[in-house]
Amino acid sequence: MNRSIEKIIQTIKVLEGGGFPVRRPFPTDELDQVDPFLLLDHLGPIEWGPGEAIGAPDHPHRGFETVTYLLAGETEHKDSGGHQGRLMPGDVQWMTAGSGVIHSEMPAPSFYEQGGKMHGFQIWINLPRDRKMIPPRYQDTPSEKIPEVLLEDGTSKVRVIAGEFQTTRAVIETNTPILYLHIKLQAGMNIVQPVTSDHNCMAYIIEGHGLFGAEKETQSASEGQLVLFARNGDEVCLSSGKDSPVELLLLAGRPFNEEIARYGPFVMNTREEILEAFQDYQQGKMGMIS
Ligand code: MN
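Quantities reported herein were computed from a predicted structural model and do not represent experimental measurements.

Here is what the cut-offs are and how they apply
Residues numbered from 1 in each chain as written. Predicted model: local features only at pLDDT ≥ 70, side-chain atom pairs only at ≥ 80, totals over all residues. Heavy atoms only, no water. Donors = N, O, S within 2.8 Å, 3.2 Å for Na, K, Ca; no water. Helix = DSSP H or I, 4+ residues; strand = E, 2+ residues; numbered from the N terminus. Buried < 20%, exposed > 50% of the residue type's maximum accessible area, 1.4 Å probe, protein only. Pairing = 2+ DSSP bridges. Axes fitted to C-alpha atoms, helices over the stretch in contact; angles between N-to-C directions. 1 Å grid on protein atoms, 1.4 Å probe; cavity = no way out; pocket = protein on both sides within 12 Å on 5 of 7 lines; lining within 4 Å. Points joined across faces, edges and corners; volume = space filled by probe spheres on them. Nonpolar A, V, L, I, M, F, W, Y, C, P; charged D, E, K, R; others polar.

S.K.: Teacher, can you tell me more about the coordination of the manganese ion here?
M.R.: Six octahedral donors at a metal ideally form angles of 90 or 180 degrees, and four tetrahedral donors ideally form angles of 109.5 degrees. Here the manganese ion is held by the protein donor atoms His59 (NE2), His61 (NE2), His103 (NE2) and Glu105 (OE), which lie 2.1 to 2.4 Å from it. Of note, the donors binding the manganese ion are all from one chain and are spaced H-x1-H-x41-H-x1-E. With His59 in strand E5 (residues 56-61) and His103 in strand E10 (residues 101-107), this residue pair connects regions lying 44 residues apart in the sequence. With a relative accessible area of 0%, His103 lands in the buried category.

See the structure below:
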């Protein structure tokens, strides 16, 4: 059965990290989380002048995963586990913070000097209670390794970041079942994607507009809106407009339905665990960036 739409969420504009602008559909006053997804930030697109680009200097995380997907620009990542990487357009960095890391997410030096367009996403995915303190892990996946499926019109396409689309499986390993697709549909196209019936599912519109939801009660959504599907079916229907292409992220995951204690960069189950995270961070137990 085709899922209907529970709600269409507007993004709010906030400044993140050292002060770069993002559009955020959640967490906001209107929508706290989409279990197990804790945050969705749409960075830019923003045109930086030479020497202007802002990133996120050293900061800690514990208890969840940060997933960064870049569409334009160039960033550099360093963390206290000794991992270092550069993200180019189309690359994905899946960082499992687990028991804790300190990292920096900055514009690459050459990009900073020259300026240019920065565009991307960061998504926070929660870890279940029994995995919050697993050792940190870092999966850096270059664009050419992300599977891409060309649809029957020859130009519409789906990039499979996590989970699977039709018969194509992602290369990134996830801790819990996650579907993460980047979909570009030319005008007049239609996709039906199976979604496990107890998983939460949403579509975030990057550009253009499309039609979503069950037959006869489809709703349209456009750039900067988040379509939250009801949990009343095992597939979702996505269409571009008759005259308009649409580009979107489709996300789904199995909710944990666990208690959440959240403070800034730490997401745990109890307040005591948050206090412990602060202590461990202050005592240097999450390491240092060398
Ligand atoms: Mn971070």
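Still to come is the rest of the account.
S.K.: What's the story with the sheet that holds strand E7 (residues 75-79) in this structure? I'm lost.
M.R.: Sheet strands associate in pairs through backbone hydrogen bonding, adopting either a parallel or an antiparallel arrangement. Taken in spatial order, the four strands of this open sheet run E5-E10-E7-E8, and their pairing is antiparallel. Across the chains shown, the open sheet's two edge strands, defined by having one partner strand only, are E5 and strand E8 (84-87). Taken over all neighbouring pairs, the strand axes of this sheet differ in orientation by 20° on average, direction set aside. Relative to E10, E5 runs antiparallel, the two being bridged by four bridges. Pairing of His61 across the sheet is with Val101, part of E10.

S.K.: Honestly, the sheet that holds strand E4 (residues 37-48) in this entry has me stumped. Any pointers?
M.R.: Read across the sheet, seven strands follow the order E2-E3-E4-E11-E6-E9-E12 without closing on themselves; strand pairing throughout is antiparallel. Each end of this open sheet is capped by a strand with a single partner; those strands are strand E2 (12-16) and strand E12 (137-141). Across this sheet, the average inter-strand angle for adjacent strands is 20°, counted without regard to direction.

S.K.: Would you take a moment to explain the pairing of E8 for this structure?
M.R.: Along any regular strand, the residues point their side chains to alternate faces of the sheet. Judged by which residues are buried, E8 turns out to be one-sided: Gly85 and Leu87 face inward and are buried, whereas Gln84 and Arg86, on the alternate face, are not. Note that E7 and E8 share four bridges and pair antiparallel. Residue pairing across strands places Lys78 opposite Gln84, the latter belonging to E8. The antiparallel pairing of E7 with E8 creates a hairpin that spans four residues between the two strands, and Gly82 there sits at a positive phi of about 90°.

S.K.: Where do I start with the layout of surface pockets in this structure?
M.R.: With a probe scaled to a water molecule rolled over the atoms, the places where space remains empty come into view. Taken as a whole, the largest pocket spans an internal volume of roughly 580 Å³. Glu16, Phe20, Ala56, Glu105 and Gln122 are the residues nearest the centre of the largest pocket, which is lined by 33 residues in total. Counting residues per element, the ones that place at least two in the lining of the largest pocket are strand E3 (20-26), E4, E5, strand E6 (64-72), E7, E10 and strand E11 (116-126). Looking at side-chain class alone, the lining of the largest pocket contains 16 nonpolar, eleven polar and six charged residues. As for the second largest pocket, its lining consists of Glu164, Pro177, Ile178, Leu179, Gln193, Pro194, Val195, Thr196, His199 and Ala252. Broken down by secondary-structure element, the contributors of at least two residues to the lining of the second largest pocket are strand E17 (178-185) and strand E18 (190-194). Residue composition of the lining of the second largest pocket, by class: six nonpolar, three polar and one charged.

Keep in mind these values describe shape, not function.
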